[in-house]
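So you can see what is in the structure, the chains are spelled out below.
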Amino acid sequence: MNLIAYAVTAVQQGFHIFPCNEAGTRCPQSGDIIDKQPHLLTPSKPYKIRWGEETTNDLDRVIEVWSWSPAANIGVACKPSGLLVIDCDIAKTPGQLKGTLYEQLHETLGPMVDGHDVLRAVCELHGGDWAELNDTYRVCTGSMGLHLYYRWPDGVKASQASLVKGVLDIRCNGGERGGYVLGAGSLTSKGSYIAENATPVRDAPRWLVELCREPAAPPKPLFSQPRKTGGISGLVDTVLTAPDGNLSNALFWAARAACSDNIPIEDAIDQLGAAYVTAHGSGGHRQAEASVRSGYRNQQRKDGL
């Protein structure tokens, strides 16, 4: 299989790319399938290219590389490409959302969930426009997931944390090299990566940027609130002063902290919920109560209660 045309198309889209191993490639030492990893330098040795150094959008270089290894999969480097890619995956285990803000989705979606359905709930929670969010370049993955591509603003550092662990990951400019995804045309042991559309890559909506950006260091008062005495006022302030885009996470954290301090859950619902509503949290008091109860359940499981 010759993927050079797909590699050229990726460059024409403005992506910086590098070669990954072709479908079915196995590690010379372990025998594991490594067709999503950077290309081996030689087939019989476990040394691979330094993809952070080899990524390029130079068309001549791309043609040279894929002429040397025409079946190489296409690694799209998100940091130099200025991309945020949301990786919507199919849950690998039942009840994947338990302990998260979205565990109630199991009541309507069942024990197994699709990351794209969870993304819709994330979008609604943060006041986003679902049609706008999907109006961008999309690629179906080999494991029946979905990659949504967005332009990431210059000068903004992204987090490396998953939006929802196990079903919603992000690849952007976090860390030293940023992350990467396999581009359209790639073929792995699990299947093909197929472009769903030819839509240009859209700018990431503002709410999504705020959600995915690297969080600022917490202010010092967070570590001197009256949690030692079992009070809740400091946790209320944490919710009231949460940065834009981080209100839901602040409420969830505050609920877990309140549980650890043995604050009755009804007090937490009343006071933390009121703070969430005052801070114009999406979904109002009903969403606040669900988040507080979720935070308590999460902390109780962690504490073995």
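Worth saying up front: this structure is predicted, and the values here are computed from it rather than measured. Residue positions are counted from 1 within each chain, in the order its sequence is given. Local features in a predicted model are, by the rule used here, given only for residues with pLDDT of at least 70; side-chain atom pairs are given and counted only at 80 or more, and totals for whole chains, interfaces and linings are based on all residues. Note: side-chain values were computed over all heavy atoms of the structure, leaving out hydrogens and water.

**Remarks on the overall build of the chain**
Looking only at helices and strands, one finds 12 helices and 11 strands in the chain. Over its C-alpha atoms, taken along the principal directions, the chain stretches across nearly 65 × 40 × 40 Å. It only takes one pair of heavy atoms within 4.5 Å for two residues to be counted as in contact. Considering only intrachain contacts with a sequence separation of at least 6, the fraction spanning at least 24 residues in the chain is 69%. Summed over its atoms, the accessible surface of the chain is roughly 15,500 Å², and 50% of this surface lies on carbon and sulfur atoms. By the criteria applied, helices consist of DSSP H or I runs no shorter than four residues and strands consist of E runs no shorter than two, each listed in order from the N terminus. Using a 1.4 Å probe, the Shrake-Rupley method yields the accessible areas, and only the shown protein chains count as cover for residues.

**Points about the packing of aromatic side chains**
When the centres of two rings from Phe, Tyr and Trp lie within 6.5 Å, Trp using its six-membered ring, the rings pair. Their planes under 30 degrees apart give stacked, over 60 give edge-to-face, and anything left gives tilted. Within this structure, the stated rule accounts for 6 aromatic pairs. On the basis of an interplanar angle of 20° and a centroid distance of 5.5 Å, the ring pair of F15 and Y149 is categorised as stacked. In this pair, F15 is assigned in the loop between helix 1 (4–12) and strand 1 (16–20) and Y149 in strand 5 (residues 146–151), connecting sequence segments 134 residues apart. On the numbers, 5.0 Å between centres and 65° between planes, the contact of Y137 with Y149 is edge-to-face.

**Side note on the confidence of the model for the chain**
Residue-level pLDDT values for the chain average 91, and 94% of them are 70 or greater. Contacts from residues 221–229, a stretch scored under 50 in pLDDT, to residues over four places away or in other chains number 11 contacts. For every residue, the predictor reports its confidence as pLDDT, a number between 0 and 100.

**A few points about the pattern of salt bridges**
A carboxyl oxygen of Asp or Glu within 4 Å of a side-chain nitrogen of Lys or Arg is what we treat as a salt bridge. Scanning the model with the defined rule gives 12 salt bridges in all. Note that R61 is salt-bridged to E64, the shortest N-O span being 3.1 Å. A residue pair is termed a helical-turn pair when its members lie 3 or 4 positions apart in one helix, as R61 and E64 do in helix 3 (residues 59–68) at 3 residues. Taking the shortest distance from any N to any O, the salt bridge between R213 and E210 comes out at 2.9 Å. Residue burial is assigned from relative accessible area. The probe radius is 1.4 Å, only protein chains are included, and a residue is buried under 20% of its type maximum, exposed over 50%, and partly exposed in between. Here E210 falls in the partly exposed class, since its relative accessible area comes to 22%. It is possible to trace a salt-bridge network through shared partners that takes in E54, R61 and E64.

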